[in-house]
Amino acid sequence: MNGVIQLAYFGVAVVFILGLKAMSSPVTARKGIVWAGYAMIAATLITFYTPGMQNYGLMITAIVLGGGVAWWSGRVVKMTDMPQMVAIYNGMGGGAAAAIAALEFARGGAHGVTATTLAVLGALIGSVAFSGSCIAFAKLQGIMTKAWRLPQQNLVNIVLAAVAVLLGLAIIVTETPPSAIVIAFFVVALALGVILTSPIGGADMPVVISLLNAFTGLAVGFEGYVLGNPALIVAGIVVGASGTLLTQLMAKAMNRPIKNVIFTPITGAAAGGGEAIEGSMKELSALDAASVMRYASKVVIVPGYGMAVAGAQHKVWEMAQLLEEGGVEVLFAIHPVAGRMPGHMNVLLAEAGVPYDKIFDMEEINSDFPQVDVALVIGANDVVNPVARTDKSSPIYGMPILNVDMAQNVIVVKRGQGAGYSGIENALFFRDNCRMLYGSAQQIIGEVITHVKALEV
Amino acid sequence: MEGITALYIFMLAAFTGYEVISRVPVILHTPLMSGSNFVHGVVLVGAMVVLGHADPADPTQLAIGFVAVFLGAANAAGGYVVTERMLAMFKSKSGGAQ
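Chain B carries the name proton-translocating NAD(P)(+) transhydrogenase in an unreviewed UniProt entry, which gives Aromatoleum toluvorans as its organism. Of chain B, the UniProt comment under Function (unreviewed entry) reads exactly: "The transhydrogenation between NADH and NADP is coupled to respiration and ATP hydrolysis and functions as a proton pump across the membrane." UniProt, in its Subcellular location (unreviewed entry) section for chain B, records the words "Cell inner membrane".

Under an unreviewed UniProt entry, chain A has the name NAD(P) transhydrogenase subunit beta and belongs to Aromatoleum toluvorans. UniProt lists a comment for chain A under the heading Catalytic activity (unreviewed entry), and it reads "NAD(+) + NADPH + H(+)(in) = NADH + NADP(+) + H(+)(out)". Recorded in UniProt for chain A, the comment headed Sequence similarities (unreviewed entry) runs: "Belongs to the PNT beta subunit family."

Colleague: Account for the overall build of chain A, with residues named and values stated.
Modeller: A tally of helices and strands in chain A yields 17 helices and six strands. Structurally, chain A occupies a C-alpha span of about 80 × 50 × 35 Å along its principal axes. The burial tally for chain A puts 56% of its 457 residues in the buried class. Total accessible area computed for chain A in this model is approximately 17800 Å², and 64% of it derives from carbon and sulfur atoms. Across chain A, the centroid of the 25 positively charged side chains sits 5 Å from that of the 27 negatively charged ones.

Colleague: Describe the UniProt feature "transmembrane region" (unreviewed entry) in chain B, with residues and values.
Modeller: All names here are of chain B. Sites flagged by UniProt as "transmembrane region" (unreviewed entry) map to residues 6-26, 38-54 and 60-83. In this annotation, residues 6-26 is assigned 71% helix and 0% strand; the end-to-end C-alpha distance for the span is 33 Å. The span residues 60-83 is 100% helix and 0% strand, and its two end C-alpha atoms sit 34 Å from each other.

Colleague: Give me the lowdown on the pattern of salt bridges, citing residues and values where you can.
Modeller: Under the counting rule described, the total for this entry stands at six salt bridges over all chains. Two residues, Arg30(A) and Glu84(B), come together in a salt bridge whose shortest N-O distance is 2.4 Å. One end of the pair, Arg30(A), is in helix H2 (residues 29-47); the other, Glu84(B), is in helix H4 (residues 59-87), on a second chain. According to the relative accessible area criterion, Arg30(A) is partly exposed, its value standing at 39%. With a relative accessible area of 11%, Glu84(B) lands in the buried category. Residue Lys358(A) pairs with Glu324(A) through a salt bridge whose shortest N-O separation is 2.7 Å. Here Lys358(A), found in the loop between helix H14 (344-352) and strand E3 (359-361), pairs with Glu324(A), found in helix H13 (residues 313-325); they are 34 residues apart in sequence, far enough to count as distant.

The rules behind these values
- Residues numbered from 1 in each chain as written.
- Chains lettered and ligands numbered in written order.
- Predicted model: local features only at pLDDT ≥ 70, side-chain atom pairs only at ≥ 80, totals over all residues.
- Heavy atoms only, no water.
- UniProt positions renumbered as here; feature names shortened; annotations may be inferred.
- Helix = DSSP H or I, 4+ residues; strand = E, 2+ residues; numbered from the N terminus.
- Buried < 20%, exposed > 50% of the residue type's maximum accessible area, 1.4 Å probe, protein only.
- Areas by Shrake-Rupley, 256 points an atom, 1.4 Å probe, with all protein chains shown as cover.
- Lys, Arg positive; Asp, Glu negative; His and termini not counted.
- Charge placed at Lys NZ, Arg CZ, Asp CG, Glu CD.
- Salt bridge = Lys/Arg side-chain N within 4 Å of Asp/Glu carboxyl O.

Next comes the structure, spelled out in structure tokens:
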């Protein structure tokens with residue numbers, strides 16, 4: 001039986017890798033997750049046949065409860081709230097890895113220095129992923145609104161990490177550690193996750209979630225070694241590596257090195273600086289906006305998180321279809337960090353029914369902007385701010401942006417005057433080719449639609 | 001398992017993880033993060049094994065094991081549902097709209 005189980009785990013590991021591979025192309029992505037899902041069911045079922053196991057009643061209860069709650073919450077959550085759900089499910093995985101280590105310590109299951117060391121490492125990383133993800137969830141869900149920083153934050157982080165490592169060493173050295181040490185170790189590790197994540201602001205959140213996802217992968221891989229389970233090792237380490245790469249890609253897109261995200265978060269105080277901007281903001285009406293776009297030949301829509309919050313993506317797509325019927329070419333341009341995670345905006349547009357071949361990445365479309373008649377910016381701000389290209393003293397200098405300022409006309413839909421998420425004034429709004437269309441996205445695009453329809457007659 | 005064998009597995013798995021997603025388009029970053037989040041939900045299997053070997057007479061062990069399985073199952077189930085919902089929405093004009 002053991003041989004069969006091991007063989008099944010091997011197959012599961014292969015399918016997971018194939019599934020991840022399939023998930024990296026839009027054509028096969030759906031198949032990828034379904035394959036991986038079957039593999040997960042197979043792995044779970046075959047595990048029941050592991051020789052010498054007890055406590056089946058408790059086990060099944062835990063699976064039904066945990067799986068049921070998560071299944072239900074994942075079904076009912078709104079698409080805009082997806083990022084925090086990913087964060088919380090990830091945190092649970094980290095917590096599970098940490099709990100596995102805790103149980104191994106409690107029953108003296110980890111033997112030898114290598115196994116104990118990896119158990120401790122997995123427990124530390126898993127605990128940080130757990131408590132850190134809970135904070136990330138609380139922030140994105142709006143439960144925790146303030147990013148607080150301790151005085152000497154970085155010193156506190158280092159001291160806590162050092163204490164956790166020392167306690168971990170104590171566990172490794174003593175082989176059968178007293179429970180006081182184990183408990184202290186977990187308390188410090190969990191506190192470290194909280195304190196590391198708390199000062200990090202909204203815009204850096206995706207990078208943190210991705211990093212914690214990679215952490216959980218590593219923790220799972222390490223605990224896999226402790227349990228002698230290659231499926232856990234392979235799946236965990238594959239996720240650890242791909243998660244690290246994904247984190248780097250995101251951090252690069254935001255021009256925020258990972259160490260800056262963690263050690264020097266952008267806060268209100270740090271967002272000062274930058275040169276004063278000359279010129280004034282110029283307003284236009286929904287009617288003018290409608291006619292400018294209706295008689296354009298190429299319109300590029302740049303959606304930001306503001307559009308998603310307003311739930312305006314359906315209206316925007318309705319308007320785009322209307323313009324297309326009139327012979328206007330309409331495309332969508334997406335900044336890598338539009339929304340709250342890379343690719344999040346694509347998901348939201350896809351939900352509204354926008355086909356993905358109308359959606360373009362920053363690199364694909366940036367050189368086209370001089371040939372664009374109208375760039376319509378909806379609820380995006382920092383990612384179209386030209387000071388990132390021009391003003392070396394600005395905190396966002398060097399961040400890759402969508403070059404909408406190079407379009408013939410720019411229309412910015414915005415709720416009112418004021419700076420963006422990072423608190424930086426947007427030089428784009430003061431340009432001669434830029435007009436402001438004030439109002440909530442949902443309602444103002446509705447008005448534009450009415451006017452475009454009127455122009456058809 | 002031999003420590004050195006495990007080291008090789010770690011190394012090869014790390015390269016695999018890096019290679020498998022190295023050519024992913026930006027539009028799939030979020031679903032892929034969610035998908036990889038689901039894959040490490042296999043921690044459920046490990047949690048089941050440790051709970052299965054916990055001492056039935058020791059409530060502390062049973063409680064920790066229960067928490068491990070509960071969290072692992074939530075990771076797997078939630079990760080699957082969320083990823084599947086996101087990916088179900090990807091369609092091209094030619095690929096048949098709903």
